Amino acid sequence: MAFYIRDQHVQNLSFDVEGLAQINSVFAERFTQLQAELSPAGKNAFFTYVIRFDNKGYRVFDLNELLRYFNQANKVERVIFTIESADAIASNRNTGAYLELCMDAQDPARCVLVSSSDTKDWAEASFAAVHEVIVKHKTRNGLARSPWTNLLVQLVGVALGFLVSLWLAFKVTPNVKVENGFTISFLFILLVFSNIWGHLNQLLLSQFSKLFPNIEFIRPQKAALHWILQAIVGSAAFAIVVYLMGLGFSFLSEVLAEFLKKN
């Protein structure tokens, strides 16, 4: 196999037509150098692109064709830049040189930058050149998908579930003619909520991932709605949390006051 390899998962990136052109410029330069190294031995290299959109995919050989598909797509799912020597293709990349950047908007595990060659200088320089470009397109979307966000959603959901269960228990207790009616009502409602919350929590996190994706392909004419949705969701989530926390504290104050009066 090739003597040297560099690879890294790529995360939280956003690309428009200009960004793709910048990546293409680096790949074209690395392709030219690789071709120059292979020519004396009578060998060739190949520079291709893959774009998948609207549940169909194409392999193309020209940037303009790639951008044409990119602009006409309703939803771009994946874009791949690939340079491969003939040896790499023939050996299923066990030998030879290759450079690939895979950006998948649906599967973060597939988002990889990899460079490999028998020549360390080409592999290292190629990896560094592409990496230098993609870091300029970093987003903060990772914050919305971080473990801290998941923990915050969980804590807020559990707290609100507790308050709602407490409130509903007070409402239904007068109709429950059994001993310890409040306790029984509260535990039943809390149990029901806990089962619902498990599914609701996954749904909320899934929507966060869609609104704040790992890889984002931007077309100006189609991006405005997505940005508006991001702003609406962020603002609404903050407003709802603040409102419900205020409502919860107010309700707890009333409950405690009523409890103190009875005792």
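Structure's up top.
Residues numbered from 1 in each chain as written. Predicted model: local features only at pLDDT ≥ 70, side-chain atom pairs only at ≥ 80, totals over all residues. Heavy atoms only, no water.

1. Digging into the pairing of strand S4 (residues 56-60)
Note the following rule: At least two bridges found by DSSP between two strands is the condition for calling them paired. Helix and strand definitions follow DSSP, with helices as H or I runs of at least four residues and strands as E runs of at least two, each counted in order from the N terminus.
Sheet topology places strand S3 (residues 45-53) next to S4; five bridges connect them, and they run antiparallel. Across the sheet, the residue bridging to Ile 51 is Tyr 58, located in S4. In this structure, the hairpin formed by S3 and S4 is closed by a connection of two residues, where Asp 54 is found at a positive phi of approximately 50°.

2. A look at a nonpolar patch on the surface
As a reminder, the rule being used: For patch detection, residues must exceed 30% relative accessible area and be free of salt bridges, and they are connected within 9 Å for like charges or within 5 Å for nonpolar side chains (Val, Leu, Ile, Met, Phe, Trp, Tyr). Computed by Shrake-Rupley with a 1.4 Å probe, the accessible areas treat only the displayed protein chains as cover when residues are assessed. A pairing counts as a salt bridge when a side-chain nitrogen of Lys or Arg comes within 4 Å of a carboxyl oxygen of Asp or Glu.
Together, Phe 188, Val 192, Ile 196, Leu 200, Leu 203 and Leu 204 make up an exposed nonpolar region whose accessible area comes to about 540 Å². Among the secondary structure elements, Leu 204 is positioned in helix H6 (residues 181-211).

3. Overview of the sheet that holds strand S7 (residues 112-117)
Let me state the cut-off plainly: Note on definitions: angles span 0 to 180 degrees between N-to-C directions of axes, and those axes are lines fitted to C-alpha atoms, for helices only across the stretch in contact. The criterion used for residue contact is that any of the two residues' heavy atoms lie within 4.5 Å.
One open sheet holds the six strands; their spatial order is S1-S7-S6-S5-S3-S4, and the pairing between them is antiparallel. Every other strand in the sheet has two partners, leaving strand S1 (4-9) and S4 as the edge strands with one partner each. Between one strand axis and the next, the sheet turns through 10° on average, direction left out of account. Of the pairings in the sheet, the one linking strand S6 (residues 98-104) to S7 comprises five bridges and is antiparallel in character. Each bridged residue has a counterpart across the sheet, and for Tyr 98 the counterpart in S7 is Ser 116. Sheet contacts for helix H2 (residues 63-72): S3, S4 and strand S5 (76-85); angle to S3, the most-contacted strand, approximately 10°.

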